[in-house]
Amino acid sequence: MTVTDWLLDSDPAIRWQVMRDLLDEPHKVVAAERARVATDGWGARLLALQEPSGLWDGGVYDPAERRDPDAPGQPWTATHHTLVVLRELGLDPASAEARTAIARVRDNVIWDHAGQRYFDGEIEPCVNGMAAAIGNYFGEDVQGIVDRLLDEQLDDGGWNCDIEIGSTRSSFHTTICVLEGLLQHEKSTGPSAEVTAARKRAEEYLLERRMLRRLSTGELADPAWTLFSFPNRWYYDALRGLDYFRAAALAPDPRLDEAIDLVENKRGPDGRWLLENPHPGKVHFEMEKQGEPSRWITLRALRVLDWFVSGAG
């Protein structure tokens, strides 16, 4: 079995992205496979878990059940994190199932912070970046979130969730969340000079640091960023950063070379990549197992390498 056949022998959420990103299948063929995300496999399972209130697991950011302070990580089963995954699975936003689920969220779900409506956002840029991506992807008005994110961009070009307590230096984690939200905004609503300029500054923030390093010393900022994850949640890693540059259709930059080499060097002898760093915590169900070949990581790695090679050529 080839790596492509192995990727296709999987959930519709992976199949349709393989067909689009690796095989360049006709739009109608891709759309038909994508439509299955709402009715088969992981996407259908997540949709079935939504409560009539619009919530998943009884909460917005955290489940209704209080966090166990001794449990590793954090729970990933509440509404916000479930919506993040549904977007990453590629649930068709025009499907009846998506419209029903999103309407429940829009009409009922409010943030714990101050009772804001979900698509009005809350106070942390990392969370708002993800909410902006979700809202724009599913056709909701999140202009208020976007405006806030533009106002909160720091002088070094990125964002930090600790801005509320005075942080003036950006975080890779927050910056990638906001970049994905702003990119989705422009894809969904059209180009904006202000948003494009903000993205360019943030892209430069990552590139100046070679996607992995401290600007001040050149040292590796965090070894965990060399380990690949899916779902990424709010965490940064080098593959996630590269996949953003691919999705933004940017020309390859030589400052990406180290991160690209990292991806290439992690390819196994069988042509597949492993799931190295699943972020611990309660989940609805497990999609893949740590340390085993990962279709998600393999798909993302292959499309990043294809983009980089074709652009560099």
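Residues numbered from 1 in each chain as written. Predicted model: local features only at pLDDT ≥ 70, side-chain atom pairs only at ≥ 80, totals over all residues. Heavy atoms only, no water.

Draft legend 1. Spatial organisation of the overall build of the protein chain. Counting its regular elements, the protein chain contains 13 helices and zero strands. Element order for the protein chain, N to C, with α for helix and β for strand: α-α-α-α-α-α-α-α-α-α-α-α-α. Relative to the 2.2 N^0.38 estimate, which gives 20 Å for 313 residues, the radius of gyration of the protein chain is 19 Å and therefore close to what a compact globule would have. Taken along the three principal axes of its C-alpha coordinates, the protein chain extends 50 × 45 × 45 Å. In the protein chain, which comprises 313 residues, the proportion classed as buried is 53%. (Helix = DSSP H or I, 4+ residues; strand = E, 2+ residues; numbered from the N terminus. Rg over C-alpha atoms; globule rule 2.2 N^0.38 Å. Buried < 20%, exposed > 50% of the residue type's maximum accessible area, 1.4 Å probe, protein only.)

Draft legend 2. Focus on the nonpolar core. Counting residues in hydrophobic clusters, the biggest one holds 93 residues, and the most contacted among them are L89, Y118, L206, F245, L256 and W296. Considering each element in turn, this core owes the most residues, nine residues, to helix 13 (residues 295–312). If we skip the residues at most four places from it in the chain, F245 touches E203, L206, L207, M211, L250, L256 and W307. (Core = buried A, V, L, I, M, F, W, Y, C linked by side-chain atoms within 4.5 Å. Contact = heavy atoms within 4.5 Å.)

Draft legend 3. Representation of the packing of aromatic side chains in the model. Going through the model one piece at a time under the given rule, you end up with 13 aromatic pairs. Taking the centre distance of 5.3 Å and the plane angle of 75° together, the rings of W225 and Y236 count as edge-to-face. Here the residue W225 occupies a position in the loop between helix 10 (193–208) and helix 11 (238–247), and Y236 occupies one in the loop between helix 10 and helix 11, the gap between them amounting to eleven residues. This pair shows no difference in class: W225 is buried, exactly as Y236 is. Aromatic rings pair up to connect F172, Y205, W225 and Y236 into one cluster. Here the basic side chain of R45 rests over the ring of F285, its NZ or CZ set 3.9 Å away from the ring centre. A cation over a ring is seen here: K266 above F228, with NZ or CZ 5.5 Å from the ring centre. (Phe/Tyr/Trp six-rings, centres within 6.5 Å; stacked < 30°, edge-to-face > 60°. Lys NZ or Arg CZ within 6 Å of the ring centre and 35° of its normal.)

Draft legend 4. View of the pattern of salt bridges. Applying the stated criterion across every chain yields a total of 27 salt bridges. Measuring nitrogen to oxygen at the nearest pair gives 2.8 Å for the salt bridge that ties D57 to K282. Residue D57 is located in the loop between helix 4 (41–48) and helix 5 (79–89), and its partner K282 is located in the loop between helix 12 (257–265) and helix 13; the two are separated by 225 residues in the primary sequence. Take D57: its relative accessible area is 25%, and that puts it in the partly exposed class. Residues joined by salt bridges that share partners form a network here, namely R20, D21, D243, R246, R300 and R303. (Salt bridge = Lys/Arg side-chain N within 4 Å of Asp/Glu carboxyl O.)

Draft legend 5. The state of the cysteines, seen in detail. Taken as a whole and judged by the stated rule, the model has one disulfide. Disulfide pairing places C126 opposite C161 at an S-S distance of 1.8 Å. The sign of the S-S torsion, about -120°, decides the handedness of the disulfide formed by C126 and C161: left-handed. With C126 in helix 7 (residues 125–137) and C161 in the loop between helix 8 (143–151) and helix 9 (172–189), this residue pair connects regions lying 35 residues apart in the sequence. Considered together, C126 and C161 belong to a single accessibility category, that of buried residues. The cysteine C177 is free of any disulfide, with C126 supplying the nearest cysteine sulfur at 6.1 Å. (Disulfide = S-S within 2.5 Å.)

Draft legend 6. Geometry of the side chain of Q74. Within the secondary structure layout, Q74 lies in the loop between helix 4 and helix 5. Looking at Q74, its side chain comes within polar contact range of the side chain of W234, at 3.1 Å. Apart from the residues within four sequence positions on either side, Q74 is in contact with Y61, R67, H81, W234, P280, G281 and K282. (Polar contact = N/O pair within 3.5 Å; in protein donor to acceptor, adjacent residues only side chain to side chain.)

Everything listed here is a matter of coordinates, which is why it stays silent on function.
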